[in-house]
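Survey of secondary and tertiary structure
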Amino acid sequence: MARKNSLREVKKLSSPKTQDVFAYSDYWEAWESHGDDENDSANWSFLADGSFEECLRGIQSLITIQLEYEIREEKNLPLRENPEWFLDELTKRHQSQVEIVKRECFQKGEYIAPGWSIRSMRNRHECEWIAKNGNPSL
């Protein structure tokens, strides 16, 4: 009998509402790094703020550039060789990468990639409160 209760508690703790608590954040920021030292705030440029979708639009080109580089390095081929395959592969990987960024942002509140980042400006406690009580600013 006790086993069922503990199983129920584990399921409650890993519920989608708890797991993706940052999905309730209504304020995000996206930044791009321009220097070698990513710990130096002078090397970061502001890209976008607002909803998650607005910030995601701000980093779309950075995701594309990163993936283009990875594909070329993996396959050791220039863009001109087999452009249809390259564009198909880029599109497929881009969609997959966006899902990874979204999942990590909604679970952890941020995604930090080489050269850019996106993070919630609300903390976990605030997001849990919004999940439970609704967003007072709407």
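Below is a short write-up of the structure. (Residues numbered from 1 in each chain as written. Predicted model: local features only at pLDDT ≥ 70, side-chain atom pairs only at ≥ 80, totals over all residues. Heavy atoms only, no water.)

**Some words on the environment of L47**
Residue placement: L47 occurs in strand β2 (residues 44-50). Sequence spacing of L47 and W116 is 69 residues, and the spatial spacing of their C-alpha atoms is 9.3 Å. When near neighbours in sequence (up to four residues on either side) are disregarded, L47 contacts A30, W31, E32, G58, I59 and L62. (Helix = DSSP H or I, 4+ residues; strand = E, 2+ residues; numbered from the N terminus. Contact = heavy atoms within 4.5 Å.)

**Quick word on the pattern of salt bridges**
Per the stated rule, a full pass over the model turns up six salt bridges. As a salt-bridge pair, E74 and R93 come within 2.6 Å of each other at their nearest N and O atoms. Of the two residues, E74 is situated in helix α3 (residues 52-75) and R93 in helix α4 (residues 83-108); the sequence distance between them amounts to 19 residues. Accessibility expressed as a relative area gives 47% for E74, which makes it partly exposed. Here E110 ties to R119 by a salt bridge, and the two come within 3.1 Å at their closest N and O atoms. Classification of E110 by relative accessible area gives partly exposed; the value is 30%. Ionic contacts of the salt-bridge type, sharing partners, join the residues E74, E89, K92 and R93 into one network. (Salt bridge = Lys/Arg side-chain N within 4 Å of Asp/Glu carboxyl O. Buried < 20%, exposed > 50% of the residue type's maximum accessible area, 1.4 Å probe, protein only.)

**Considering the packing of aromatic side chains**
The tally for this structure, following the rule as stated, stands at five aromatic pairs. Where W28 meets F52, the ring centres are 5.1 Å apart and the plane angle is 70°; that geometry is what we call edge-to-face. Residue W28 is found in strand β1 (residues 28-33), and its partner F52 is found in helix α3; the two are separated by 24 residues along the sequence. Grouping residues by exposure puts W28 and F52 together as buried. (Phe/Tyr/Trp six-rings, centres within 6.5 Å; stacked < 30°, edge-to-face > 60°.)

**Quick notes on α3**
Given a rise of 1.5 Å per residue, 24 residues ought to cover 34 Å, and the 33 Å separating the end C-alpha atoms of α3 matches this to within 8%. At I59, α3 shows its strongest bend, of approximately 40°. For α3, the set of buried residues is F52, C55, L56, I59, L62, I63, L67 and I71. Buried positions along α3 lie against β1, β2, α4 and β4 (116-120). (Expected span 1.5 Å × (residues − 1). Bend = angle between axes of the 7 residues up to and from the residue.)

**Here's the deal with the side chain of S120**
With respect to the helices and strands, the residue S120 is situated in strand β4. The exposure class of S120 is buried, given its relative accessible area of 11%. A polar contact of 2.7 Å, which involves the side chain of S120, links it to the side chain of S25. Every residue in contact with S120, bar those within four places of it in the chain, is listed here: F22, S25, Y27, W28, G109 and C127. (Polar contact = N/O pair within 3.5 Å; in protein donor to acceptor, adjacent residues only side chain to side chain.)

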